[in-house]
Amino acid sequence: MKRPNPLHPDKMSPAERRSELARILAGAVMRLHSAKIVQIQAETGDGSLHFPRDQSGTAVPTQRRPA
């Protein structure tokens with residue numbers, strides 16, 4: 001994990017401040033997304049790639065079309 005920039009914002013260029021802000025916000029969004037996934041998995045017991053058999057996307061012979 002990258003550490004916060006030790007420079008005072010007054011010593012940074014506008015581009016450096018925007019970059020620092022974007023990095024902080026991106027980290028927050030990733031943490032929120034991760035927490036949401038963990039909560040859903042805890043409630044349902046399913047992982048993000050787990051689908052019931054009827055929703056797995058596997059075609060049964062009656063659904064196949066000739067090539």
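One can find the structure itself at the top, above this paragraph.
Conventions and cut-offs
Residues numbered from 1 in each chain as written. Predicted model: local features only at pLDDT ≥ 70, side-chain atom pairs only at ≥ 80, totals over all residues. Heavy atoms only, no water. Helix = DSSP H or I, 4+ residues; strand = E, 2+ residues; numbered from the N terminus. Buried < 20%, exposed > 50% of the residue type's maximum accessible area, 1.4 Å probe, protein only. Areas by Shrake-Rupley, 256 points an atom, 1.4 Å probe, with all protein chains shown as cover. Salt bridge = Lys/Arg side-chain N within 4 Å of Asp/Glu carboxyl O.

J.: Would you mind going over the overall build of the chain with me for this structure?
T.: Along its length, the chain carries 1 helix and 0 strands. Burial status across the chain gives 3% buried among its 67 residues. For the chain, the exposed area adds up to about 6600 Å²; of that, 60% sits on carbon and sulfur atoms.

J.: Looking at this model, I keep getting lost on the environment of L7. Mind explaining?
T.: In this structure, L7 sits in the segment before α1 (14-44). The sequence separation of L7 and R17 amounts to 10 residues, and the corresponding C-alpha distance is 10.0 Å.

J.: Can you walk me through the pattern of salt bridges in this structure?
T.: Note on pairing: side chains with opposite charge can pair once their charged atoms come close. Scanning all chains against the criterion turns up 1 salt bridge. In this structure, E20 engages R23 in a salt bridge whose closest nitrogen and oxygen atoms are separated by 3.1 Å. Here E20 and its partner R23 are both found in helix α1, 3 residues apart, which amounts to about one turn of the helix. The class for E20 is buried, based on a relative accessible area of 16%.

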